[in-house]
Amino acid sequence: MSQQPAVATPMSGEMDKPLISRRLVDSDGSLAEAPSDAPKVGILGSGDFARSLVTRLLGSGFSVVVGSRNPKRTAGLFPSGAQVTFQAEAVDSPDVIFVAMFREHYSSLCGLSDQLAGKILVDVSNPTEQEHFRHHESNAEYLASLFPTCTVVKAFNVISAWTLQSGPRDGNRQVPICSDHPEAKRAVSEMVQAMGFMPVDMGSLVSAREVEAMPLRLLPGWKVPALLALGLFAFFYVYNFIRDVLQPYVRDGKSKFYKLPVSVVNTTLPCVAYVLLSLVYLPGVLAAALQLRRGTKYRRFPDWLDHWLQHRKQIGLLSFFCAALHALYSFCLPLSRVNRYEVVNLAIKQVLANKSHLWIEEEVWRMEIYLSLGVLALGTLSLLAITSLPSIANSLNWKEFSFVQSTLGFIALVLSTLHTLTYGWTRAFEDSHYKFYLPPTFTLTLLVPCVVILAKGLFLLPCFSRRLSRIRRGWEKDGGVKFTLPTDHALAQKTSHV
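In this text the structure is predicted, and so the values were computed from the model without any measurement.

1. Notes on the packing of aromatic side chains
Part 1 of the reasoning: Inspection of the entire model under this criterion finds 12 aromatic pairs.
Part 2 of the reasoning: Judged by centre distance (6.2 Å) and plane angle (35°), the ring pair of Trp 398 and Phe 401 falls under tilted. A residue pair is termed a helical-turn pair when its members lie 3 or 4 positions apart in one helix, as Trp 398 and Phe 401 do in helix α17 (residues 398–424) at 3 residues.
Part 3 of the reasoning: Taking relative accessible area as the criterion, Trp 398 reaches 60% and is therefore assigned exposed.
Part 4 of the reasoning: The class of Phe 401 is partly exposed, set by a relative accessible area of 24%.
Part 5 of the reasoning: An aromatic cluster is present here, built from Phe 98, Phe 156 and Phe 197 joined pairwise through their rings.
Part 6 of the reasoning: Its end group placed over the ring of Tyr 142, Arg 103 keeps NZ or CZ at 4.4 Å from the ring centre.
Part 7 of the reasoning: It is Arg 470 that lies over the ring of Trp 475; its NZ or CZ is 4.5 Å from the centre.

Below, the structure written as structure tokens:
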């Protein structure tokens, strides 16, 4: 099968090049005619995605011919640089043809089977969720069954029309590609690169079903962390409601239901943020304990621990989100009507008691330290969240990234613990704070973080740290690998850490 080169011009090192504007003409912003020697690409379809694809291809130096059932009606929708004609004429000369049509319209192309023979068909379609579960074969496989003399490649289905128009700088760069023919896959990969995207080889065409399922997933990596955060929020919200609202109403008949929208939420958010942050570092502690127990790093962790380790980024970002909301709610508290009434009532009580000066030194110091530690903890969490962004993480080497996410992350956990302890102060030892015999909320939140901090401190002891370093550098307790930890302390610090 003869194929003409798929790349129009040599690519620069930047994958996020903007849409080419050097050949813009007239005031309508349409692209001018492509050079006569430009590689020609065919497109079957005239929908939104097809129009965006034409714009991107023209901007990348390709010559584009569009096949439509009614070219006169659709010609005005495409840039002037594209040739819009009937489908039969559009598939004659190009060797690569994009099929930008819905699955149910594939059969309408059967009359072009002879003209399409030996050509590369790039399927860009996506099924609906119902269609994905109803059909046992992917759209690309169905297209290949209709045209056995053609080479079908699945690509571009995860790229939106907006990304095609604005360029990969404003969207996802990766384009999964799968096909049973390596040469066709290579040709399409070169086109992907020429258009400024990054091809990702997904294997044979049987993988098309998985590729088509990608756009149907809604934040797949966030499902478990989000459910965890919602579960923690519901638990602490109900717990705080019982202590702060229900107990005064049952015992003294005081209605404090006005606390539900702001006060109870603001008490719940830091609890969720604090526990989530501790859950980011707890699996690392468990993994280290398993490695110490097994005496090797070459055995797989249990599936639940492996999945937990993979979700640490999402859990950490949700922790930062809850902490940021807690800070915003706290800033808004002085603006609430309830706070104003409480300040006025306190002033009236002070006047009636003939107290000209109200100052409790211990409370002043407690609140000053409490606020300072909270600001430091939130600032450190902000740094962790920023370095989680791919654009920032890619600019850091492994040592820098590990220092921020591991060392600074543990510092953030310690600061949060001190912040919580300062908030609690001596309340855990006062009977008046045990409402309905329930302990103060902050005592519950301290359980997991304290376990993590104590375990981290335990692993710093020489008897554990040296053994753990040896294991992570390849030593095995019962294996054939015999390893002696270097006496140079600086070299020993280069070992990886979970």
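Here the narrative resumes, following the displayed structure.
2. Observations regarding unusual backbone geometry
Part 1 of the reasoning: Look at Phe 156: it is not a glycine, yet its phi comes out positive at around 65°.
Part 2 of the reasoning: Note on placement: Phe 156 falls in the loop between β6 (151–154) and α7 (161–166).
Part 3 of the reasoning: With a relative accessible area of 0%, Phe 156 lands in the buried category.
Part 4 of the reasoning: Unusually for a residue other than glycine, Leu 219 sits at a positive phi of about 50°.
Part 5 of the reasoning: Tracing the backbone through its elements, the reader meets Leu 219 in the loop between α9 (208–213) and α10 (223–252).

3. Observations concerning the UniProt feature "transmembrane region" (unreviewed entry) in the chain
Part 1 of the reasoning: According to UniProt, the feature "transmembrane region" (unreviewed entry) maps to residues 224–242, 262–290, 315–336, 369–389, 401–422 and 442–464 in the numbering used here.
Part 2 of the reasoning: In residues 262–290, the share of helix is 97% and the share of strand is 0%. The end C-alpha atoms are 43 Å apart.
Part 3 of the reasoning: Helix makes up 90% of residues 369–389 and strand 0%, whereas the separation of the span's terminal C-alpha atoms amounts to 31 Å.

4. A few points about a nonpolar patch on the surface
Part 1 of the reasoning: A cluster of nonpolar side chains, namely Tyr 249, Val 250, Phe 257 and Phe 436, defines an oily patch on the protein surface of about 380 Å² accessible area.
Part 2 of the reasoning: Topologically, Phe 257 is positioned in the loop between α10 and α11 (263–294).
Part 3 of the reasoning: Of the residues examined, Phe 257 reaches a relative accessible area of 34% and is grouped as partly exposed.

5. Concerning helix α19 (residues 447–459)
Part 1 of the reasoning: Helix length check: α19 (13 residues) gives 19 Å between terminal C-alpha atoms against 18 Å at 1.5 Å per residue, within 8%.
Part 2 of the reasoning: All buried positions along α19 are accounted for by Pro 449, Val 452, Ala 455 and Phe 459. Buried residues of α19, viewed axially, fall in a sector of 130°; they line one side. Exposed side of α19, more than 90 degrees from the buried face: Leu 447 and Leu 454 are the residues found there.

6. Observations concerning the nonpolar core
Part 1 of the reasoning: Residues Leu 232, Leu 276, Leu 279 and Leu 384 are the most contacted members of the largest nonpolar core, which totals 37 residues.
Part 2 of the reasoning: When contributions to this core are tallied by element, the ones reaching two or more residues are α10, α11, α13 (312–332), α15 (361–387), α17, α19 and α20 (462–472).
Part 3 of the reasoning: Among all residues touching Leu 384, those that are not within four sequence positions of it are Tyr 281, Val 404, Gln 405, Leu 408, Gly 409 and Ala 412.
Part 4 of the reasoning: Core analysis: the second largest hydrophobic core is formed by 35 residues, Leu 58, Ala 82, Ile 159 and Val 188 among them.

7. Observations concerning the sheet that holds strand β8 (residues 198–201)
Part 1 of the reasoning: Reading across from one edge, β3-β2-β1-β4-β5-β6-β7-β8 is the order of the 8 strands in this open sheet, with mixed pairing throughout. The sheet is open, and its two edges are formed by β3 (83–86) and β8, each paired on a single side. On average, each strand axis in the sheet is tilted by 30° relative to the strand beside it, whichever way the strands run.
Part 2 of the reasoning: Pairing of strand β5 (residues 120–123) with β6 involves 4 bridges; the strand directions are parallel. Paired with Leu 121 across the strands is Val 152, a residue of β6.
Part 3 of the reasoning: Contacts from helix α1 (residues 48–59) reach β1 (40–44), β2 (63–68) and β4 (96–99), with the element oriented near 175° to β1.

8. Structural notes on the packing of α11 against α20
Part 1 of the reasoning: Taken N-terminus to C-terminus, the directions of α11 and α20 make an angle of 85°; their axes are 10 Å apart at the nearest point. Considered as vectors, α11 and α20 are oriented roughly perpendicular to each other. In this structure, α11 uses Ala 288, Gln 291 and Leu 292 to contact α20, whose residues at the interface are Phe 464, Arg 467, Leu 468, Ile 471 and Arg 472.
Part 2 of the reasoning: Class assignment for the residues of the contact of α11 with α20 results in 5 nonpolar, 1 polar and 2 charged.

9. A closer look at the pattern of salt bridges
Part 1 of the reasoning: Throughout the structure, instances matching the rule amount to 9 salt bridges.
Part 2 of the reasoning: The partner of Arg 103 in a salt bridge is Glu 137, and the shortest N-O contact between them spans 3.6 Å. Linking Arg 103 in the loop between β4 and α4 (113–116) with Glu 137 in the loop between α5 (129–134) and α6 (139–146), this pair joins segments that are 34 residues apart in sequence.
Part 3 of the reasoning: For Arg 103, a relative accessible area of 10% translates into the label buried.
Part 4 of the reasoning: Two residues, Arg 186 and Glu 183, come together in a salt bridge whose shortest N-O distance is 3.2 Å. Taken as a pair, Arg 186 and Glu 183 lie in helix α8 (residues 182–194) at a separation of 3 residues, close to a single helical turn.
Part 5 of the reasoning: Assessed through its relative accessible area of 38%, Arg 186 is described here as partly exposed.
Part 6 of the reasoning: Each of Asp 123, Lys 154 and Glu 212 takes part in salt bridges that share partners, so that together they form one network.

10. Quick look at the packing of α11 against α19
Part 1 of the reasoning: Packing of α11 against α19 brings their axes to within 9 Å, and their N-to-C directions diverge by 40°. The two elements α11 and α19 cross, and the hand of that crossing is left-handed. On the side of α11, the interface is formed by Tyr 274, Ser 278, Leu 279, Tyr 281, Leu 282, Val 285, Ala 288, Ala 289 and Leu 292, while α19 contributes Val 448, Pro 449, Val 452, Ala 455, Lys 456 and Phe 459.

Reading guide: rules and limits
- Residues numbered from 1 in each chain as written.
- Predicted model: local features only at pLDDT ≥ 70, side-chain atom pairs only at ≥ 80, totals over all residues.
- Heavy atoms only, no water.
- Phe/Tyr/Trp six-rings, centres within 6.5 Å; stacked < 30°, edge-to-face > 60°.
- Helix = DSSP H or I, 4+ residues; strand = E, 2+ residues; numbered from the N terminus.
- Buried < 20%, exposed > 50% of the residue type's maximum accessible area, 1.4 Å probe, protein only.
- Lys NZ or Arg CZ within 6 Å of the ring centre and 35° of its normal.
- UniProt positions renumbered as here; feature names shortened; annotations may be inferred.
- Patch = residues over 30% accessible without salt bridge, like charges linked within 9 Å, V, L, I, M, F, W, Y side chains within 5 Å.
- Areas by Shrake-Rupley, 256 points an atom, 1.4 Å probe, with all protein chains shown as cover.
- Salt bridge = Lys/Arg side-chain N within 4 Å of Asp/Glu carboxyl O.
- Expected span 1.5 Å × (residues − 1).
- Arc of directions from axis to C-beta.
- Core = buried A, V, L, I, M, F, W, Y, C linked by side-chain atoms within 4.5 Å.
- Contact = heavy atoms within 4.5 Å.
- Pairing = 2+ DSSP bridges.
- Axes fitted to C-alpha atoms, helices over the stretch in contact; angles between N-to-C directions.
- Parallel < 35°, antiparallel > 145°, perpendicular 65-115°, else oblique.
- Nonpolar A, V, L, I, M, F, W, Y, C, P; charged D, E, K, R; others polar.
- Left-handed = near helix turned anticlockwise from the far one by under 90°.

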